[in-house]
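Residue-level structure breakdown
Next come the chains, spelled out residue by residue.
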Amino acid sequence: MATADRTRTFMKDVKRVIIKLDVSSSQLLVTDSDFENPNFRERLCETVESLLDLKVVPIFNENDAISTRKAPYEDSSGIFWDNDSLAGLLAIELKADLLVLLSDVDGLYSGPPSEPGSKIIHTYIKDKHYSGITFGDKSRVGRGGMTAKVKAAFVASNSGTPVVITSGFASQSIVRVLQGEKIGTLFHKDASLWEPSKDVSAREMAVAARECSRRLQNLSSDERKKILLDIADALEQNEDLIRTENEADVSAAQDAGYQKSLVDRLTLKPEKIASLAKSIRTLANMEDPINQILKRTEVAEDLVLEKTSCPLGVLLIVFESRPDALVQIASLAVRSGNGLLLKGGKEAMRSNTVLHKVITGAIPDNVGQKLIGLVTSRDEIADLLKLDDVIDLVIPRGSNKLVSQIKASTKIPVLGHADGICHVYIDKSADMNMAKRIVMDAKTDYPAACNAMETLLVHKDLIKAPGLDDILLSLKTEGVAIYGGPVAHEVLCIPKADSFHHEYSSMACTIEFVDDVQSAINHIHRYGSAHTDCIITTDDKVAETFLRQVDSAAVFHNASTRFSDGARFGLGAEVRPIFGVNGII
């Protein structure tokens, strides 16, 4: 029987066994001599393709039982000598689209990974990087080490298979590589042709922001106030230019088919520039947030310990599509003496660029315009997140996915909330006219905001109340799509909500009936995001229970969730850190 016929017969037998035993993986043992046989290599590819068609994962290992190889590294002959070189060889033979080699570090570094000055090399170019890299000892858990991985990666990539070396300890490394994230070190035969050139590296940008922030901190409160007033003036003087660039972003977003909620966040309305300038002037005239003595303790005679407010240092803030957030964040950083690195959404690129130029243009030379750096490429974020020796805090403002990815990708402290699932609870004692005003404001004033109402909880005694019908009719009249929880879906005959843990960020909300205030609190704790929640009631005892037990940053009594706002809280800007309010408005 011919070799090809024997292989086909063998694979039919294998298929029958796999189907019968429900096998999900298969080990294939190989030796050097196997790869010297062209017929074997051809059959190998057919075998792997057949296994993959059967949804079976093939796992390759050296056949130690019949191998004639001496102890590791005593024999330099042969085609492969460790798992890395075997992986590279298989990638070439199978014409793989990508080879991922896992290590105990994040990738290839310019120096020892433990040293602060070492920088990860995201794109390996042999002529540029090889001479400057010192390789350590071979792996403690196998034959190879980083030397073996780089050699295997170089051979495979030159043969047409791109290779990424990344950490096997980090969460979902392989998935993140396949999703196109810039992690690890990439090897590609054409890397030298398309490696991005950067005038300023991420480290240089961060170090410059730190140096400028230290000069800013040396200024008096009045001098920092003067910078803010100059920024406010500059915004008003450049209003036409800012609006032109913003309109271009909005037009591009509409042409690209972005959701209306995102376009709304992107748009700088005519009165917005004036409003931003006013808020900056308000911030400038507030009490200096730094260099304030918060507490004095005499720990011994003539020995006094002082607790003083001070800047954090250098902040990296990744924010959503709202360009006005850039202005507010930059103003807060100037007032508080912090350096700043900003990365906004690509859909607001032109708006962010012009706002950054106007703001930094108002910063005096004795501080330096590099106090505020604008990150223009998403790829630079990965580099910045490695700079835990320069950047002091990361604040992501965006989706749950964004916040989670950043937390998993850095050693720098991260401050941020992922969702804005805000609740309004109407108790049985509520004034329904007041409830209507609050609900309408919380949902329809700015539905894309993170403090907009997403879930309306209603006491079960109000199911047949005329006031509730009036509220629901008003919401529908304004264009709000209403979805029901299990109870409301049945009682009100409305579409069923897919999930209570959902942030619509649009003209839509969920309604559900609960037994009492404790049931409402339990619902909020189970499905909420600890952002902002409110109760509408005339019963002070019920209100106190809600305010005391709900574990959210802002908890309101008879007030719209839209009051959860840094400027309204007297903090100088809408953008604010996460903090506890837990009070009554």
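The model shown is predicted, which means the values in this text are computed figures rather than measured ones. Residue positions are given per chain, counting from 1 as you read along its sequence in written order. In keeping with the model being predicted, local features are shown solely for residues with a pLDDT of at least 70 and side-chain atom pairs are shown and tallied solely at 80 or more, while totals for entire chains, interfaces and linings include all residues. Side-chain metrics in this entry use all non-hydrogen atoms of the structure; hydrogen atoms and water are not considered.

1. Regarding the packing of aromatic side chains
When we look at a pair of aromatic rings, we describe it by the centre distance and by the angle of the planes. Note the threshold: Working definition: rings of Phe, Tyr and Trp (its six-membered ring) pair if their centres are within 6.5 Å, and the pair is stacked with planes under 30 degrees apart, edge-to-face with planes over 60 apart, and tilted otherwise. To qualify as a helix, a DSSP run of H or I must reach at least 4 residues; to qualify as a strand, a run of E must reach at least 2; elements of each kind are numbered from the N terminus. Exposure categories follow from relative accessible area, calculated using a 1.4 Å probe and restricted to protein chains: below 20% of the type maximum is buried, above 50% is exposed, and the middle band is partly exposed.
Taken as a whole, this structure holds four aromatic pairs when the rule is applied. For the ring pair Tyr483 and Tyr504, a centre distance of 5.9 Å and an interplane angle of 10° mean the geometry is stacked. With Tyr483 in strand S14 (residues 481-484) and Tyr504 in the loop between helix H20 (486-492) and strand S15 (508-514), the pair connects residues that are 21 residues apart, well separated along the chain. Among the residues examined, Tyr483 registers a relative accessible area of 28% and is labelled partly exposed. Between the aromatic rings of Phe500 and Tyr527, the centroid separation amounts to 4.9 Å while the plane-to-plane angle is 50°, which identifies the pairing as tilted. Highlighted residues: Phe500 in the loop between H20 and S15 and Tyr527 in helix H21 (residues 517-527), separated in sequence by 27 residues. Overall, Phe500 belongs to the buried group, its relative accessible area being 12%.

2. Some details on the sheet that holds strand S5 (residues 185-187)
Quick reminder of the rule: Strands qualify as paired when DSSP identifies two bridges or more between them. Axes here mean lines fitted to C-alpha atoms, for a helix over just the part in contact, with angles spanning 0 to 180 degrees between N-to-C directions.
Spatially, the three strands line up as an open sheet ordered S3-S4-S5, and their pairing is mixed. For this open sheet the edge positions go to strand S3 (99-103) and S5, each flanked by a neighbour on one side alone. Averaged over all pairs of adjacent strands, the angle between strand axes in this sheet comes to 20°, irrespective of strand direction. Bridge analysis of S3 against strand S4 (residues 163-167) gives five bridges, and the strand direction is parallel.

3. Brief notes about the pattern of salt bridges
Our working rule: Salt bridge, as applied in this entry: a Lys or Arg side-chain nitrogen positioned within 4 Å of an Asp or Glu carboxyl oxygen.
In total, this model carries 19 salt bridges according to the counting rule given. Here Arg322 and Asp324 are joined by a salt bridge, their closest N and O atoms 3.1 Å apart. We note that Arg322, like Asp324, is buried. A salt bridge links Glu454 to Lys443, with the nearest nitrogen and oxygen atoms 3.3 Å apart. You can see Glu454 sitting in strand S13 (residues 453-459) and its partner Lys443 sitting in helix H18 (residues 432-444), a full 11 residues away along the chain. With a relative accessible area of 0%, Lys443 lands in the buried category. In the salt-bridge network here, residues are joined through shared partners; they are Glu42, Arg43 and Glu46.

4. As for the packing of helix H10 (residues 221-237) against helix H13 (residues 272-284)
Keep this limit in mind: In these notes the angle categories are as follows: under 35 degrees is roughly parallel, over 145 is roughly antiparallel, 65 to 115 is roughly perpendicular, and the rest is oblique. In this analysis, two residues are considered to be in contact whenever any of their non-hydrogen atoms come within 4.5 Å of each other. Residue classes follow a fixed rule: Ala, Val, Leu, Ile, Met, Phe, Trp, Tyr, Cys and Pro count as nonpolar, while Asp, Glu, Lys and Arg count as charged, and any other residue, Gly among them, counts as polar.
Two numbers describe how H10 lies on H13: the axes approach to 9 Å, and their chain directions differ by 170°. Here H13 runs roughly antiparallel to H10, going by the angle between their axes. On H13, the residues touching Lys225, Leu228, Leu229, Ile231, Ala232, Asp233, Leu235 and Glu236 of H10 are Ile273, Ala277, Ile280, Arg281, Leu283 and Ala284. Of the residues in the contact of H10 with H13, the class split is 10 nonpolar, no polar and four charged.

5. What about the nonpolar core?
Buried together is how nonpolar side chains tend to be arranged in soluble globular proteins. Here is the rule we go by: Put simply, buried Ala, Val, Leu, Ile, Met, Phe, Trp, Tyr and Cys residues joined by side-chain atoms within 4.5 Å make one nonpolar core.
Core analysis: the largest hydrophobic core is formed by 41 residues, its most contacted members being Ile231, Leu235, Leu340, Leu342 and Ile372. Residue contributions to this core peak at seven residues, all from helix H14 (residues 323-336). If we skip the residues at most four places from it in the chain, Ile231 touches Ile280, Val334, Ile359 and Ala362. Listed in part, the 30 residues of the second largest apolar core include Ile426, Leu456, Val480 and Phe513.

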